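Okay, here's what each chain looks like letter by letter:
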Amino acid sequence: MLFANDTEEALRAAVRLANSAEEPDTLVSFADLDEFLQAHPYTGRIDHDEAELAALRALRPRLRAMLLAPRDEMVQHVNAALAAVTLSPRLARHGDVDWHLHAVADDRPLPERILVETAMALIDVVRAGEGSRITVCDDADCAAIALDLSRNRSKRYCSTTCANRNAVAAYRARRAGGSSSPADSLSPTAENSSAPA
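Sequence order as written defines the numbering, with residues in each chain counted from 1. With the structure being a predicted model, the display of local features is reserved for residues of pLDDT at least 70 and the display and counting of side-chain atom pairs for 80 or more, all residues being used for whole-chain, interface and lining totals. Hydrogens and water are ignored here; the side-chain numbers use all heavy atoms of the structure.

Describing unusual backbone geometry
What counts, and what does not: In DSSP terms, a helix is any run of H or I states spanning at least four residues, a strand is any run of E spanning at least two, and both are numbered starting from the N terminus.
Cis geometry is found at the peptide bond from Glu23 to Pro24, where omega equals -5°. You can see Pro24 is positioned in the loop between helix H1 (5-19) and helix H2 (30-39). Positive phi, close to 55°, is recorded for His48, a residue that is not glycine. Mapping His48 onto the fold places it in the loop between H2 and helix H3 (50-68). In this structure, Arg153 is a non-glycine residue whose phi angle is positive, near 55°.

Have a look at this one:
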C-alpha cells in the first residue's frame, strides 16, 4: 500500500468523480449518483436531490485541476480548498473502516466533504512527492485521469478498457510488422501489465 487506506480511497473517489465528466458523461442521473456512492460510500449527509447532483457535477473541473496540477500548484489548490471551509478534524471509525481522519463535520454538504477529503489526500501526495502517480490516460483518444497506486508504477491507463485497447493495437502492430517474438504468442490483454488490478 502506497498511502493510508483513507487517502487511497479519497483519491479513487475524486478520480472517478472527475472522470465522470469525460464523454460519455456518467453523472447525469440519480442512478449514476447511486452507482458512484455504492462504489465510494460516504458517511454523513447525503441529500440525494437535484441541488446535490448539480453541485457534484460542478465540482468535477475543480477536482481535475487539483489532481493534475504540478506540485506547487497542487499545494495552492489544497490550501484554497481548506481555507474555504470550517474544519473540524477528528478521528472516526465506522463499519469495517478503522480509525481515519474526517476533516469536516458529517452534516456538511457532500460536494464540500468530497472536496476537503480530496485536499487532505493530496496533502499526502505532496508530502510524499508522488504527484507523478496522477496523470492523464496514455490512450491517445482519452483525456481521463489515470491513478497509479501500483508498487511498480506500471499503470498508464485510466481503465481496463483503455489498457486493453492499446494492448490489442500494439499486438496488431507487431503482427503487421512481422514480429515473431515469444510475446506475440500471448493474448493482447495477458501481456499488458499496465491494466488496473
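Things to note about a nonpolar patch on the surface
Definition in use: For patches, a residue must show more than 30% relative accessible area and have no salt bridge; joins then use 9 Å for like charges and 5 Å for nonpolar side chains, namely Val, Leu, Ile, Met, Phe, Trp and Tyr. Note that accessible areas follow from Shrake-Rupley with a 1.4 Å probe, and for residues the cover is restricted to the protein chains shown. We define a salt bridge as a side-chain nitrogen of Lys or Arg found within 4 Å of a carboxyl oxygen belonging to Asp or Glu.
A contiguous nonpolar surface patch, about 340 Å² in accessible area, is contributed by Leu91, Trp99 and Leu101. By secondary structure assignment, the location of Leu101 is in strand S2 (residues 97-102).

Quick look at the confidence of the model for the chain
What counts here: Every residue is assigned a pLDDT by the predictor, reflecting its confidence on a scale from 0 to 100. The contact criterion used throughout is that any non-hydrogen atoms of two residues lie within 4.5 Å.
Across the chain, pLDDT averages 89, with 89% of residues at or above 70. Within the chain, helix H6 (residues 160-176) has the poorest average pLDDT of any element, 85, and H3 the best, 98. Scored below 50 in pLDDT, residues 180-197 shows 25 contacts in the model against residues more than four places distant or in partner chains.

Let's talk about empty space enclosed by the protein
For clarity, the cut-off: Using a grid of 1 Å spacing that covers the protein atoms alone, one calls a set of points a cavity when a 1.4 Å probe fits there but cannot get out, and a pocket when the set is open and has protein on both sides within 12 Å along at least five of seven lines; lining residues are those with an atom within 4 Å of a point. Grid points are joined across faces, edges and corners, and a volume is the space filled by probe spheres set on the points. Under the scheme applied here, ten amino acids are nonpolar (Ala, Val, Leu, Ile, Met, Phe, Trp, Tyr, Cys and Pro), four are charged (Asp, Glu, Lys and Arg), and all others, including Gly, are polar.
With the rule as written, the count across this model stands at one cavity of 30 Å³ or more. Lining the largest cavity are Thr43, His102, Ala103, Val104, Asp106, Arg113 and Glu117. Class assignment for the residues of the lining of the largest cavity results in two nonpolar, two polar and three charged.

Some points on the nonpolar core
So the rule is basically this: Working definition of a nonpolar core: buried Ala, Val, Leu, Ile, Met, Phe, Trp, Tyr and Cys residues. They are joined through side-chain atoms within 4.5 Å. Relative accessible area decides the class of each residue, using a 1.4 Å probe on protein chains only: under 20% of the type maximum gives buried, over 50% gives exposed, and in between gives partly exposed.
Judged by nonpolar contacts, the single largest core of 40 residues is most densely connected at Leu11, Leu17, Leu63, Leu67, Ile114, Leu122 and Ile134. When residues of this core are traced back to their parent elements, those giving at least two are H1, H2, H3, helix H4 (71-83), helix H5 (110-128) and strand S4 (145-147). No other element matches H5, which puts nine residues into this core. Counting residues in hydrophobic clusters, the runner-up holds six residues, among them Cys137, Cys142, Ala144 and Cys162.

Brief notes about the layout of surface pockets
Here the second largest pocket defines a volume of roughly 520 Å³. In this structure, the second largest pocket is lined by 21 residues; those nearest its centre are Asp6, Glu9, His100, Leu101 and Glu117. Within the residue set of the lining of the second largest pocket, elements represented by two or more residues are H1, S2 and H5.

Section: the environment of Pro70
Here Pro70 shows up in the loop between H3 and H4. We classify Pro70 as partly exposed; its relative accessible area is 49%. For Pro70 and Ser132, which are 62 residues apart along the polypeptide, the C-alpha to C-alpha distance reads 8.8 Å.

Examining the pairing of strand S1 (residues 90-94)
As a reminder, the rule being used: Between any two strands, pairing holds if DSSP finds at least two bridges.
Pairing of S1 with S2 involves four bridges; the strand directions are antiparallel. Bridging from a neighbouring strand, Arg90 pairs with His102 of S2. Joining the antiparallel neighbours S1 and S2 is a turn of two residues, in which Gly95 adopts a positive phi near 55°.

Some thoughts on H3
Here is the rule: An expected span of 1.5 Å times one less than the residue number is assigned to each helix. Note that bend, as reported per residue, equals the angle between axes fitted to the 7 residues terminating at that residue and the 7 residues originating from it.
When the terminal C-alpha atoms of H3 are compared, their 28 Å separation across 19 residues agrees well with the 27 Å that a helix rising 1.5 Å per residue should span. Most pronounced at Arg60, the bend in H3 amounts to some 30°, and the proline Pro61 follows within four residues. For H3, the complete set of buried residues consists of Glu52, Leu53, Leu56, Leu59, Arg60, Leu63, Met66 and Leu67. Taken together, the buried residues of H3 touch H1, H2, H4, H5, strand S3 (134-136) and S4.

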